[in-house]
Amino acid sequence: MAATPRFHNDAVAAPDTGPAPGPAPTDRKHPVDETLPPLKMFTSGLQHVAAMYAGVVAPPMIVGPAVGLTAKETAFLMGASLFTAGIATLLQTLGFWRIGARLPFVNGVSFAGVTPMVAIGKDRGHDGIAVIFGAIIVASLLGFLLAPYFSKLVRFFPPVVTGTVITLIGVSLLPVAFNWSQGGNASAADHGSTTNITMAAVTLVIVLALRKLLRGFLQQISILLGLVIGTLIAIPVGITDFGALGDADPIGFPTPFHFGAPQFEIAAIVSMSIVMLVCMTESTADMLALGKIVDRPADERTIEGGLRADTLGSAISPLFNGFMCSAFAQNIGLVAMTKVRSRFVVAAGGGILIVLGLVPVAASVIALVPLPVLGGAGIVLFGSVAASGIQTLAAAALEKGENALIVAAAVGVGLVPIAAPEFYHAFPEDLLVVLDSGISTGCVVAIVLNLAFNHLGRKPDPEPSEQDGERPVAAPVGAH
């Protein structure tokens, strides 16, 4: 049988047994480390930006008014969030030393911090923002120090755990797409209108049709093309807002500590430290998911580097008036759907984010995409993540032991915040940071139950490949 070609990153050396029959192995780069032609690099990177844009600007849009900032100051926060998301993404994809997962991994403002940040800074104006930034800096530095120890938990993430968490990531993101499809603002008069939902449905059909009909590179950017076509259709429909173009400044730098020097309050630091642990848990699950998708499994060192990039990016972010950064799961769905695995494509997206943060008028062009259009595309993106989780569960030997029970309990608990959003309303605010994240609660339940059923009191398994609920998988013939 012909020798299997190796990527540069393969670490295991074969014994020297003389020349092997058949063609010599090719010494080519892993697809994750390949660069694309400039045009493909830019358009594919832009597609990642389009997929994550609303998620990056939404937290500052919520936190700004809650702490008492003006509309212009809130817009400044949005630009700063784009800028710092670009920096964090470059740290993650390009990396240096032992920082960065070096996977096509997008970083941006974490939704997990929105509720505690609002609680910390509510109606305190610039002082509230300064306290939030101080708490983020301390929590991020603590997370940076914890990264090497946190990454050792990777052995407790077998397919029965990772498949469950990946599925929950996709399912937990779908309500975001549904809300976008309705219009995004529950208090707006047209929220959930026939027009908005029809526009989302049209975009969904366009994306699916493009995926079916196009080939090659055009098929890979079908999401971006679908967003452009959907936006053009939305103009005569009347749901495209051009106001942002007129109000945007042509250029603007996120001045360091624009709202004053960071302030440090113990309660705020404790609250944001809990958020950081939640973000690290979700990022670990996301890296494991992405590693499966791009065929470069995330090992302990990869996760350690990724967590360091997350936490370092989050520590730098407040310097430029940004918030805590973590992985964006929706972009994992984009990688799964387009099959473009190059980390340099995502790095190009990080560069675009930095430019958008420095040129508000350019950012406003991306903002022209109506939320219903983004919602229609989001259904495909987030559904792709859930499908990847189901695919992982297919290799988790659910018929073995109590693995099916682990999945059932973890998915059930993880769906509570989605199916019953007020379920934990009587619990303390600090606990809600964890409980309101179905990804985090489902992940914890899956890990604990996997420990209880597959580790504690278990005798050594004579079949190492079947440990921790993973069915041994035969190597495919002619794999490369």
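Above this text sits the structure in question.
Description of the structure in this document.

The rules behind the values
Residues numbered from 1 in each chain as written. Predicted model: local features only at pLDDT ≥ 70, side-chain atom pairs only at ≥ 80, totals over all residues. Heavy atoms only, no water. Helix = DSSP H or I, 4+ residues; strand = E, 2+ residues; numbered from the N terminus. Buried < 20%, exposed > 50% of the residue type's maximum accessible area, 1.4 Å probe, protein only. Contact = heavy atoms within 4.5 Å. Areas by Shrake-Rupley, 256 points an atom, 1.4 Å probe, with all protein chains shown as cover. Disulfide = S-S within 2.5 Å. Patch = residues over 30% accessible without salt bridge, like charges linked within 9 Å, V, L, I, M, F, W, Y side chains within 5 Å. Salt bridge = Lys/Arg side-chain N within 4 Å of Asp/Glu carboxyl O. Core = buried A, V, L, I, M, F, W, Y, C linked by side-chain atoms within 4.5 Å. Phe/Tyr/Trp six-rings, centres within 6.5 Å; stacked < 30°, edge-to-face > 60°. Lys NZ or Arg CZ within 6 Å of the ring centre and 35° of its normal. Axes fitted to C-alpha atoms, helices over the stretch in contact; angles between N-to-C directions. Parallel < 35°, antiparallel > 145°, perpendicular 65-115°, else oblique. Nonpolar A, V, L, I, M, F, W, Y, C, P; charged D, E, K, R; others polar. Expected span 1.5 Å × (residues − 1). Arc of directions from axis to C-beta. Left-handed = near helix turned anticlockwise from the far one by under 90°.

**A few points about the overall build of the chain**
At step 1: What the chain contains, in helices and strands, is 19 helices and 4 strands.
At step 2: The proportion of buried residues among the 480 residues of the chain is 52%.
At step 3: The contacts in the chain between residues at least 6 apart in sequence include a share of 81% that link residues at least 24 apart.
At step 4: Of the roughly 21,000 Å² that the chain leaves accessible, carbon and sulfur atoms contribute 67%.

**Notes on the state of the cysteines**
At step 1: All chains considered together, the criterion is met by 0 disulfides.
At step 2: With no disulfide of its own, C279 lies 9.3 Å from the sulfur of C325, the closest cysteine sulfur.

**Points about the environment of R301**
At step 1: Its place among the elements puts R301 in helix α11 (residues 300-316).
At step 2: The exposure class of R301 is exposed, given its relative accessible area of 57%.
At step 3: Distance in space between the C-alpha atoms of R301 and A101 is 8.3 Å, their sequence separation being 200 residues.

**Section: a nonpolar patch on the surface**
At step 1: On the surface, V202, I229, I233 and V237 cluster together into a nonpolar patch covering about 260 Å² of accessible area.
At step 2: Looking at the nonpolar patch, the element that brings in the most residues is helix α8 (residues 222-237), giving 3 residues.
At step 3: Its location among the elements puts V237 in helix α8.

**Looking at the nonpolar core**
At step 1: Ranked by internal contacts, the top residues of the largest apolar core, which has 100 residues, are I132, M272 and F323.
At step 2: Broken down by element, this core gets its largest block of residues, 12 residues, from helix α10 (residues 266-293).
At step 3: Apart from the residues within four sequence positions on either side, I132 is in contact with V63, V67, M117, I120, G121 and F323.

**Considering the packing of aromatic side chains**
At step 1: Summed over the entire model, instances satisfying the criterion amount to 5 aromatic pairs.
At step 2: Over the ring of F144 we find R308; its NZ or CZ atom is 5.9 Å from the centre of that ring.

**Here we look at unusual backbone geometry**
At step 1: One non-glycine residue, R102, lies in the positive phi region at around 55°.
At step 2: In this model, N321 sits at a positive phi of 70°, which is unusual for a non-glycine residue.
At step 3: Tracing the sequence through the fold places N321 in the loop between α11 and β4 (325-327).
At step 4: A relative accessible area of 0% places N321 in the buried class.

**Description of the packing of helix α5 (residues 159-182) against α10**
At step 1: Put simply, α5 and α10 touch, their axes get as near as 9 Å, and they point 100° apart. In terms of their interaxial angle, α5 and α10 are classed as roughly perpendicular. Here α5 contributes P159, T162, V165, I166 and I169 to the contact with α10, which in turn contributes A285, D286, L288, A289 and K292.
At step 2: Across the contact of α5 with α10, the residue classes tally to 7 nonpolar, 1 polar and 2 charged.

**Brief notes about helix α6 (residues 194-213)**
An α-helical segment advances 3.6 residues per turn. Residues three or four places apart therefore align on the same side.
At step 1: Taking 1.5 Å of rise per residue, 20 residues should cover 28 Å, and α6 covers 28 Å from first to last C-alpha, within 8% of that figure.
At step 2: Taken together, the buried positions of α6 are occupied by N196, M199, A200, T203, I206, V207 and L210. For α6, the buried positions fall inside an angular range of 120° around the axis, keeping them on one side. For α6, exposure combined with an orientation more than 90 degrees from the buried face picks out T194, V205, K212 and L213.

**Quick word on the packing of α5 against helix α15 (residues 371-393)**
At step 1: It is the contact of α5 with α15, at a shortest axis distance of 7 Å, that shows an interaxial angle of 165°. With respect to each other, α5 and α15 are oriented roughly antiparallel. In the packing of α5 onto α15, the handedness of the crossing is left-handed.
At step 2: Its residues assigned to classes, the contact of α5 with α15 comprises 20 nonpolar, 13 polar and no charged.

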